[in-house]
Amino acid sequence: MKTPKNFQICYSSDDIDGAVNKLGVEISKWTQKVWEDSHTDVIAVPILRGGIFFFADLVRAVQGSVEIAPIKAWSYVEAENAKMLDKVKVDVGGISANGRRVLLVDDICDSGRTLAALKTKLMDAGALEVRSAVLIKRDLGEKTFDPDWIGFSYKGPEWFVGYGMEDSDRWRNLGAVYIIKQS
């Protein structure tokens, strides 16, 4: 697929595959322990829309069964890159978290507001444990939410696109992660 000239590759599809497989091995240890201890599957929760590509690859890399329950969360103004909402909006309807262990999966953790809000909401709903995995954890130089599993750490404010991340609702379907270079 031809990408715009101002897109610079940051993580290739091979880089992503390697990170996903490594995380799959690590998460599998936890999901297998949950099964051995409770005979229940971890509820794996993709945070829609951005996390869906990473989620699909990640749960296929997990050895063993997981229950899947998607949710939608918003922390940015739609169609306006980098403009955060005052408050994260979450919809966890349909997830029966009481007495269960939950894995939140998202594409990126910037401030961590979304993951923190979801973890709180699920713990309040009775979850025994809520862990999280992200493809990219941005280092903003300040204390933010720390996901349990991180594919890549990135320092810098650049806007990512591809592999679920979007530029004003465009280019989510790229197989790699790009940085949009400002001219």
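Quick look at the structure, then.

**A closer look at the pattern of salt bridges**
By the definition in use, this model includes nine salt bridges. In this structure, the salt-bridge partner of Lys22 is Glu26, at a minimum N-O distance of 3.2 Å. Highlighted residues: Lys22 and Glu26, both in helix 1 (residues 13–38), separated by four residues, approximately one helical turn. For Lys22, a relative accessible area of 53% gives the class exposed. Among the residues examined, Glu26 registers a relative accessible area of 28% and is labelled partly exposed. When the shortest N-O distance is used, the salt bridge between Arg101 and Glu129 registers 3.2 Å.

**Regarding the packing of aromatic side chains**
Applying the stated criterion across every chain yields a total of six aromatic pairs. Relative to Trp171, the ring of Phe7 has its centre 5.7 Å away and its plane inclined at 75°; by these criteria the two rings are edge-to-face. Highlighted residues: Phe7 in strand 1 (residues 7–11) and Trp171 in the loop between strand 9 (160–161) and strand 10 (177–180), separated in sequence by 164 residues. Seen in terms of ring centroids, Phe7 and Tyr178 are 6.1 Å apart; in terms of plane orientation they differ by 40°. Their pairing is tilted. Taken together, the positions of Phe7 in strand 1 and Tyr178 in strand 10 put the pair 171 residues apart, joining distant regions of the chain. Neither residue differs from the other here; Phe7 and Tyr178 are each classed as buried. In textbook terms, an aromatic cluster arises when at least three aromatic residues are bridged by ring pairs, as seen for Phe7, Trp171 and Tyr178.

What counts and what doesn't
- Residues numbered from 1 in each chain as written.
- Predicted model: local features only at pLDDT ≥ 70, side-chain atom pairs only at ≥ 80, totals over all residues.
- Heavy atoms only, no water.
- Salt bridge = Lys/Arg side-chain N within 4 Å of Asp/Glu carboxyl O.
- Helix = DSSP H or I, 4+ residues; strand = E, 2+ residues; numbered from the N terminus.
- Buried < 20%, exposed > 50% of the residue type's maximum accessible area, 1.4 Å probe, protein only.
- Phe/Tyr/Trp six-rings, centres within 6.5 Å; stacked < 30°, edge-to-face > 60°.

Note that every value here comes from positions in space, so none of it alone points to a role or purpose.
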